[in-house]
Amino acid sequence: MQRGDLIQFRLNFPWSNGRERAWSDPALVMHQEDPEGYPPEVDIADGLWIVFMKGHECVIDEGNYEIQHLTNTLQH
């Protein structure tokens, strides 16, 4: 993911009854919060991502959420 991407996300494990979880509303990727102690110039693959959705900031990560790109900053 990169800043400016438009995505949807959902938890990557099903409900207890086995049904898949619904996708979120579209969200705009704002920035990545790096784990404490990492220098800012190091590319961190497992940091937390801050996304903006429906007027609120949400925090997601690529380990616990399935990400679906709706648009990609590389397309522009």
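Nothing here was measured: the structure is a model prediction, and the numbers come from that model.

### Section: the packing of aromatic side chains
Under the criterion given, the structure shown has one aromatic pair. Between F9 and Y65 the ring centres are 5.7 Å apart and the planes differ by 80°, which places this aromatic pair in the edge-to-face class. In this pair, F9 is assigned in strand β1 (residues 6–11) and Y65 in strand β5 (residues 65–71), connecting sequence segments 56 residues apart. For Y65, a relative accessible area of 22% corresponds to the partly exposed category. For the cation-ring pair, R21 lies above W15, with the distance from its terminal atom to the ring centre recorded as 4.1 Å.

### Section: the pattern of salt bridges
On inspection of all chains with the given rule, the structure shows three salt bridges. The partner of E20 in a salt bridge is R10, and the shortest N-O contact between them spans 3.3 Å. Here E20 is found in the loop between β1 and β2 (27–33), whereas its partner R10 is found in strand β1, with ten residues between them in sequence. On the basis of relative accessible area, R10 is assigned to the buried category, the value being 12%. Where salt bridges share partners, they join R10, E20 and E66 into one cluster.

### Notes on the sheet that holds β5
The pairing of strands in a sheet happens through backbone hydrogen bonds and is either parallel or antiparallel. Within the open sheet, the five strands sit side by side as β4-β3-β2-β1-β5. Their pairing is antiparallel. The sheet is open, and its two edges are formed by β4 (56–60) and β5, each paired on a single side. Adjacent strand axes in the sheet meet at a mean angle of 40°, parallel and antiparallel pairs treated alike. Pairing between β1 and β2: two bridges, direction antiparallel. Note on β2: the bridge partner recorded for L6 is L28.

Conventions we followed
- Residues numbered from 1 in each chain as written.
- Predicted model: local features only at pLDDT ≥ 70, side-chain atom pairs only at ≥ 80, totals over all residues.
- Heavy atoms only, no water.
- Phe/Tyr/Trp six-rings, centres within 6.5 Å; stacked < 30°, edge-to-face > 60°.
- Helix = DSSP H or I, 4+ residues; strand = E, 2+ residues; numbered from the N terminus.
- Buried < 20%, exposed > 50% of the residue type's maximum accessible area, 1.4 Å probe, protein only.
- Lys NZ or Arg CZ within 6 Å of the ring centre and 35° of its normal.
- Salt bridge = Lys/Arg side-chain N within 4 Å of Asp/Glu carboxyl O.
- Pairing = 2+ DSSP bridges.
- Axes fitted to C-alpha atoms, helices over the stretch in contact; angles between N-to-C directions.

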